[in-house]
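Structural overview
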Amino acid sequence: MSEASDCSMATLNERAEKLAHRIHNGNCLVDPGDILRAYRMAARLHEGQTRASGEPYISHPLTVAEILSQFLWDRELAMAALLHDVVEDTVYTLERLESDFDPITAQIVDALTEVKRPLPEDLNDERKREIKDYLDGLTNAKTLNSPAGVRIRAVLIRLADRLHNMQTLGAMARNKQVKKAQDTQRFLVPLAAHIGAHYFEEELAELCFAVLEADLHLALQQRYQQIRESNGRAIAAFMRELHAIMCLSYREIAPLDAQPPFQHKRDQPLKTYQLKQLLERSGQSYDPAAFAKEDIYLYAINLALNDYRDDQPLQRFLELYWQHLRPQQVAMQLELSGSEPYPTVVLTDALDNRYLIRLLTADQQAAYDIGLGTAAEADLSVPQDTPSTYFPIRKINVYTKDMQPIRLDDGATVLDLACILHPDIGISARYGLIRRHDNNFIDITEAQTREERLAADTHHSLGTRLRDGDIVKIVFACDADGRPLYQANLHWFKYVTMEYSQNLLIEYFEKAAAAGQYVAPAKTLIDWEPSKYGKAARPAR
């Protein structure tokens, strides 16, 4: 989003009104008056301040809030976006902000406020830059070490803030443009990629490329545009065919009341920096005259499943491909490489134009642009001074012995899984039997001989961390009648990482304390009520 050319206060006030009502329309629980109150406070505090372009400074936080409102209608996020510079750049204090608004908004603004130190006047420019870089690192750590509910909002505001700054670099001196782009490329692009905020990742990476490699960026951009324009009719025909078959928009290839299997969520040409990466991987030259359409993708297309209960987008796509696309002479290449966080296929039309198709579940598409805890599993370079535990937690799937999937936080343990399967199993768990993709564990449901049973019974402790795709059986203590024998002790808190499991143990030990059993042995808490932790209370599978 680029800033409107007319930045008079009347225009800015009108944009703020539209912002407040857009957020209210997206989330009726948000009072538009709260958003306008935050905007008016920020406008009053920034009065007289201007950007490098000469525009009123309030245009910047307003644009940051507008960028985020494309994806989220969160009250505290919008208010903090509007107020994110007031403590740093005005006399307004954090205590006053908390009093005037609310603690969450104040915590978000605090997480974003730059760490500053007075510098001695006798320092040379190089030393000042070193100290400034160090303070920037402290600010980044401060943002990423904020409480979980604050952290994701602060990170999103930081990304939107930098996106608007990068979009308006033209008013800055060239050396400052390069410094800003280098800092963005080093820290914020990897951060966006890590949390799965692909909109910010792509936009920021493209803007950095345009600054740092301007000549190459322009040459690749012009060649790419030329190839797409010369194939415009074929591209349009392919898009219509794909949309008709995958989204059932105009052709009767299914009953009229059938739900379209996919939503056609996103069609866009590749970013120029993505062209460069693609050519690097294929060994092609950057010379614009040297690469052809067979070396690149003309469009990247997201197809998302309509059914939230369905988690097999690749399987659904392949079914439709063989029924409807293959007879149209559309060739397909399956790509399951690490360069994309989701299953992808490459389709080639009759004129050898290539299209990258990303296949997502409904949940993945909902989080595709801004992440929100669905960090993609990718090989990327996060700054070494940024602890990975500060990032939102991604999810993994593990399977029971009858292949029922269970969704857990990445880093979950055998004991976490036991607690989620059933509270009784969690409190009486002994160990887990695990079959992994990267070894030769014998299937625990099919062990036949004594030797096989012994191999299958190789156990993993309660603190063993599970991996995506593990098949797990929990072994728990029970009496002769099969009733669980509770054996949890206080050391078990070391073995759990998920909040649900921690709360389960807390509840158990509270009952133990009430019964005078501070270290609860087996079968002491006969009045414990596992039914209160029924299916509705468990994490979604």
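Here the structure is a predicted model, which is why all the values come from computation and not from measurement. (Residues numbered from 1 in each chain as written. Predicted model: local features only at pLDDT ≥ 70, side-chain atom pairs only at ≥ 80, totals over all residues. Heavy atoms only, no water.)

Digging into the packing of aromatic side chains
Convention followed: Two rings from Phe, Tyr or Trp (for Trp, the six-membered ring) form a pair when their centres are within 6.5 Å of each other. A pair whose planes differ by under 30 degrees is stacked, one over 60 is edge-to-face, and the rest are tilted. The helix count covers DSSP runs of H or I at least four residues long, the strand count covers runs of E at least two residues long, and both are numbered beginning at the N terminus. Relative accessibility under 20% of the residue-type maximum defines a buried residue, over 50% an exposed one, and the middle range a partly exposed one, all with a 1.4 Å probe and only protein chains included. When the NZ atom of lysine or the CZ atom of arginine is within 6 Å of a ring's centre and also within 35 degrees of its normal, the charge is said to sit over that ring.
Tallied over the entire structure, the rule returns six aromatic pairs. Their ring planes at 65° and their centres at 6.1 Å tell us that F71 and F200 sit as a pair that is edge-to-face. Highlighted residues: F71 in the loop between α3 (59–68) and α4 (75–83) and F200 in helix α11 (residues 198–212), separated in sequence by 129 residues. Summarising the burial analysis for this pair, F71 and F200 share the class buried. Ring geometry for Y199 versus F200: centroids 5.2 Å apart, planes at 80°, classification edge-to-face. The residues Y199 and F200 share a single accessibility class, namely buried. Three or more aromatic residues joined by ring pairs form one cluster here, namely F71, Y199 and F200. Sitting over the face of the ring of F291, R223 holds its NZ or CZ atom 5.9 Å from the ring centroid. In this structure, R228 is placed above the aromatic ring of Y224, and the distance from its NZ or CZ to the ring centre is 5.0 Å.

Comments concerning helix α7 (residues 103–112)
The criterion, for reference: Throughout, a contact is declared for two residues whenever any of their heavy atoms are within 4.5 Å. The term polar contact refers here to a pair of N or O atoms within 3.5 Å; inside protein, the definition further demands a hydrogen-donor-capable atom paired with an acceptor-capable atom, and it admits residues adjacent in sequence only when both atoms are side-chain atoms.
Residues of α7 that are buried include every one of T105, A106, I108, V109, A111 and L112, and no others. On its buried side, α7 packs onto α4, α5 (86–89), α6 (94–100), α8 (125–144) and α9 (148–167). Put simply, D102 is the residue that caps the front of α7, since its side-chain oxygen is 3.1 Å from the backbone nitrogen of I104.

Some points on the pattern of salt bridges
Under the convention used in this document: What makes a salt bridge here is a side-chain nitrogen of Lys or Arg within 4 Å of a carboxyl oxygen of Asp or Glu, nothing more.
A full pass over the atoms with the stated rule returns 15 salt bridges. Between R40 and E17 there is a salt bridge; the shortest N-O distance is 3.8 Å. Placement of the pair is R40 in helix α2 (residues 32–45) and E17 in helix α1 (residues 9–26), with a sequence separation of 23 residues. For E17, a relative accessible area of 33% gives the class partly exposed. Between E203 and K271 there is a salt bridge, with the nearest N and O atoms lying 2.8 Å from each other. Residue E203 is located in helix α11, and its partner K271 is located in the loop between β1 (262–268) and α14 (272–282); the two are separated by 68 residues in the primary sequence. Accessibility classification places E203 together with K271 in one group, the buried group. One network of salt bridges, with partners in common, ties together D34, R37, R75, E76 and D102.

Remarks on the pairing of strand β5 (residues 354–360)
Note the following rule: Note: two strands are recorded as paired if DSSP finds a minimum of 2 bridges between them.
In terms of residue burial, β5 counts as a mostly covered element, since seven of its seven residues are buried. Residues of β5 alternate between two faces, with R354, L356, R358 and L360 on one and Y355, I357 and L359 on the opposite face, all of them buried. Pairing of strand β2 (residues 299–305) with β5, which is carried by six bridges, proceeds in the parallel orientation. Residue A304 lies in a different strand from β5, and its bridge partner there is L360. Where strand β4 (residues 344–348) and β5 come together, five bridges link them in antiparallel fashion. Within the sheet, the bridge partner assigned to V345 lies in β5 and is I357. Taking the residues that link successive antiparallel strands as the turn, the β4-β5 hairpin has five residues, and the phi of D352 there is positive, at about 65°.

Quick word on the layout of surface pockets
Basically, it comes down to this: With a 1 Å grid spanning the protein atoms alone, the term cavity applies to any set of points in which a 1.4 Å probe fits but cannot get out, the term pocket to an open set with protein on both sides within 12 Å along at least five of seven lines, and the term lining residue to any residue with an atom within 4 Å of a point. Grid points are joined across faces, edges and corners, and a volume is the space filled by probe spheres set on the points. Note on residue categories: nonpolar means Ala, Val, Leu, Ile, Met, Phe, Trp, Tyr, Cys or Pro, charged means Asp, Glu, Lys or Arg, and polar means any other residue, Gly included.
Reported here for the second largest pocket is a volume of approximately 1,300 Å³. Lining the second largest pocket we find 35 residues, and of these E114, K132, R162, N165 and K180 sit closest to its centre. Those elements giving two or more residues to the lining of the second largest pocket turn out to be α5, α8, α9 and α10 (174–194). In terms of residue class, the lining of the second largest pocket is built from eight nonpolar, nine polar and 18 charged.

Focus on empty space enclosed by the protein
Per the counting criterion, the structure on display carries one cavity of 30 Å³ or more. Estimated volume of the largest cavity: approximately 30 Å³. Lining the largest cavity are I23, A65, L68, S69, L72, D74, L77 and A78. Looking at the lining of the largest cavity, the elements with two or more residues in it are α3 and α4.

So, the pairing of strand β7 (residues 405–409)
As judged from the five bridges shared by strand β6 (residues 395–399) and β7, these two strands associate in the antiparallel manner. Considered in β7, the bridge of I396 is made with L408.

Some words on the confidence of the model for the protein chain
Put simply, the rule reads: Scored from 0 to 100, pLDDT records how confident the predictor is in each individual residue.
On average, residues of the protein chain score 79 in pLDDT, and 81% of them reach the 70 mark or higher. Long-range and interchain partners of residues 373–393, a stretch whose pLDDT sits below 50, account for 42 contacts in this model, where long-range means more than four residues apart.

Focus on a nonpolar patch on the surface
Selection criterion: Patches here: salt-bridge-free residues with over 30% relative accessible area, like charges joined within 9 Å, nonpolar side chains (Val, Leu, Ile, Met, Phe, Trp, Tyr) joined within 5 Å. Computed by Shrake-Rupley with a 1.4 Å probe, the accessible areas treat only the displayed protein chains as cover when residues are assessed.
On the surface, L490, F493 and I506 cluster together into a nonpolar patch covering about 250 Å² of accessible area. Relative to the helices and strands, I506 is located in helix α20 (residues 499–514).

Here we look at the nonpolar core
Using the following cut-off: Nine residue types can take part in a nonpolar core, namely buried Ala, Val, Leu, Ile, Met, Phe, Trp, Tyr and Cys, and a core is a set of them joined through side-chain atoms within 4.5 Å.
Among the nonpolar cores identified, the biggest contains 104 residues, and F200, M246, F317, L347 and I357 are the most heavily contacted of them. Broken down by element, this core gets its largest block of residues, 10 residues, from α9. The residues touching F317, leaving out its near neighbours within four places in the chain, are M246, F262, L303, M332, V345, L347, I357 and L359.

So, the side chain of N231
Here N231 shows up in the loop between α12 (214–230) and α13 (232–247). Reaching out from N231, the side chain makes a polar contact with the side chain of K293 at a distance of 2.9 Å. In this structure N231 touches K293, L298 and N353, once residues within four positions along its chain are discounted.

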